[in-house]
Amino acid sequence: MRRIILVSALSFLGAAPAQAPRPTAAPIAITGARVIDGTGSPPMNDSVVVVEGDRIRAAGTRARVAVPRGATVADATGKFLMPGLVDVHCHINQPAEDMKRYWLAQLRWGVTTMRSAGNDKPETVPLFRQTRDGAFLAPRSYTAGQGFNVSGPYPGAPTFRPTSPADARANVQSLKAQRVDFIKIWMTNPMFPPEVIAAIVDEGKKQGIPIIAHVTDVASLHQLADQGVTDFLHNPIDQPVTPELVAYAKARKLTFAPTLANIESRWFYYEHPEILNMPMLQDALYPRGKQMLADAARKEQALAAPDLAQRKARMREQTYPFIKAMSDAGVRVATGTDCGAEASQITPFGHATHREVQMLVEAGMSPLAAIRAATLDAARVITHSEDPEYGSIQAGKAADLLLLDADPTVDINNTIKISKVMRAGRWVQ
Ligand SMILES: [Zn+2]
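The model shown is predicted, which means the values in this text are computed figures rather than measured ones.

### Structural notes on the overall build of the protein chain
Helix and strand content of the protein chain: 16 helices and 17 strands. Its C-alpha atoms give the protein chain a radius of gyration of 23 Å, near enough to 22 Å, the size a compact globule of 429 residues would have. Overall size of the protein chain, expressed as C-alpha extent along the three principal axes, is 70 × 50 × 45 Å. Counting across all 429 residues of the protein chain, residues that qualify as buried make up 53%. Long-range pairs, those at least 24 residues apart, make up 71% of the contacts in the protein chain between residues at least 6 apart in sequence. With an accessible surface of roughly 18400 Å², the protein chain has 54% of that area assigned to carbon and sulfur atoms. Within the protein chain, one finds 47 positive and 42 negative side-chain charges whose respective centroids are separated by 6 Å.

This is the structure in structure tokens:
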């Protein structure tokens, strides 16, 4: 009645509303699930999570949260609800239509936020903003645009290769004009001269664009962290982690995305045909990666390599103690995989992020801590905020959810037992 009166009053005044009001969908109440909220708090049984529009309106036990009248009830009794996964280290330099396809595949795997860490052409940058505006169904995606790499991470990569501080500043300004979300620096050999690095970092600060950096040695870590960079991909592997390095990282509030999945994928999928054969995995690979994984000779070569056991041990030795020491000390560790990287074709979108969480547990983190690393903490890394608008199941946060058939706190491998995924309040089909 009230609406009718309002409309007649407006017509009477000749002030028709500019737009028809958007039909408001009924709220969704997800009931009965065990909730792992992403904050690291103990799981909550018999919950009610109310979603309205693209937000979580309420989340709590059934005793505390009522199912709103008219809500669509999704009975999740016996299931496990966690925030959607966040991957802070991917790449997706593909034609626009293909990007949309891979994004959807990644979303179906429960990755509801991703960050593309360089190698994105200027013309694709607006697509990333569209994923956040809900223009099409995709993970909330961020881009570092082209990035800075002396030799290019692969032939033909669209990275900047400035040779002087002035060039470096001009390149950062062009990234600003593209409205990228981050600036990426690869501290790989050959390295940029220190004055070029300093100019990139300084101009990034002037333009208000956060820097993210690929770092695998302690000297490069210090070089950038001393200039105020905090957001690191990979971890130093040139020397074992020391209490001094942990203290340094803690004092400067550094964060790390160790990015193990791309190393492990060199053998993991060959060793796990049950995962390789999942149709969802096929959709999440580039054609060349798919071909590589289907190639019997390649598989034979990968699995029969005389140094395979050694390479596996080296990966663990160079990363697990680092992860354990940093996370025990309260240094933020987040999930990143290098999924979609041109140079690591066999690191798929989606599943790789699950493997990363699983390996954080293998490294010694508890399942709850690893889930926080893959949700709230990864969101904190991306947003540079302690209270990001996504990454946890709490009232007011984005309704990006992953519903599981089995408990990931009992066995972290259960994160791939996906029942349903919700992105911005919509179930993903
Ligand atoms: Zn990368």
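Continuing now.
### Here's the deal with the coordination of the zinc ion
Taken together, the protein donors to the zinc ion comprise His89 (NE2), His91 (NE2) and Asp338 (OD), at separations of 2.0 to 2.2 Å. Along the chain, the residues donating to the zinc ion are arranged with the sequence spacing H-x1-H-x246-D. Of the two residues, His89 is situated in strand β7 (residues 85-90) and Asp338 in the loop between β14 (332-333) and α14 (351-362); the sequence distance between them amounts to 249 residues.

### Description of the packing of aromatic side chains
Tallied over the entire structure, the rule returns 10 aromatic pairs. Judged by centre distance (4.9 Å) and plane angle (70°), the rings of Tyr102 and Tyr286 are edge-to-face. Here Tyr102 is found in helix α2 (residues 96-108), whereas its partner Tyr286 is found in the loop between α10 (279-282) and α11 (287-294), with 184 residues between them in sequence. For the pair Tyr102 and Tyr286, a shared accessibility class is recorded, and that class is buried. Taking the centre distance of 5.2 Å and the plane angle of 90° together, the rings of Trp103 and Phe128 count as edge-to-face. Of this pair, Trp103 sits in helix α2 while Phe128 sits in helix α3 (residues 125-133); the two residues are 25 residues apart in sequence, bridging distant segments of the chain. Three or more aromatic residues joined by ring pairs form one cluster here, namely Tyr102, Tyr286 and Phe349. Cation over ring: Arg115 sits above Phe182, and NZ or CZ is 4.6 Å from the ring centre.

### Concerning the sheet that holds strand β4 (residues 55-61)
Spatially, the 4 strands line up as an open sheet ordered β4-β3-β1-β5, and their pairing is mixed. Looking at the sheet topology across the chains shown, the edges are occupied by β4 and β5 (72-75). Neighbour to neighbour, the strand axes of the sheet diverge by 20° on average, direction disregarded. Relative to strand β3 (residues 47-52), strand β1 (residues 28-31) is paired through 4 bridges, and the arrangement is antiparallel. Note on β3: the bridge partner recorded for Ala29 is Val50.

Criteria and cut-off values
Here the residue index of a chain counts from 1 through its sequence in written order. A pLDDT threshold of at least 70 governs which residues receive local features in this predicted model, and a stricter bar of 80 or more applies before side-chain atom pairs are shown or counted, although totals over entire chains, interfaces and linings include all residues. As a convention, hydrogens and water are excluded, and side-chain values are obtained from all of the structure's heavy atoms. Only DSSP runs of H or I with at least four residues qualify as helices, and only runs of E with at least two residues qualify as strands; both kinds are numbered from the N terminus onward. Based on C-alpha atoms, the radius of gyration is set beside the globule rule, defined as 2.2 Å times the residue count to the power 0.38. Here's how the labels work: a residue is buried when its accessible area is under 20% of the maximum for its type, exposed when over 50%, partly exposed in between, all with a 1.4 Å probe on protein chains only. Should any heavy atoms of two residues lie within 4.5 Å, those residues are considered in contact. Residue exposure ignores everything except the shown protein chains as possible cover, and the areas themselves are Shrake-Rupley values with a 1.4 Å probe. A positive count includes Lys and Arg, and a negative count includes Asp and Glu. His and the chain ends are not counted in either. For charged residues, the charge sits on one atom: NZ in Lys, CZ in Arg, CG in Asp, CD in Glu. Think of the donor list as every N, O and S atom within 2.8 Å of the metal, or within 3.2 Å for Na, K and Ca; water never makes the list, so a site can look incomplete. Between the rings of Phe, Tyr and Trp (Trp by its six-membered ring), a pair exists once the centres lie within 6.5 Å; its type follows the angle of the planes, with under 30 degrees stacked, over 60 edge-to-face, and the other angles tilted. Placement of a charge over a ring requires the Lys NZ or Arg CZ to be within 6 Å of the ring centre, with the centre-to-atom vector within 35 degrees of the ring normal. A pair of strands is considered paired only if DSSP assigns at least 2 bridges between the two. Here, axes are lines fitted to C-alpha atoms. For helices the fit covers the stretch in contact, and angles between N-to-C directions go from 0 to 180 degrees.

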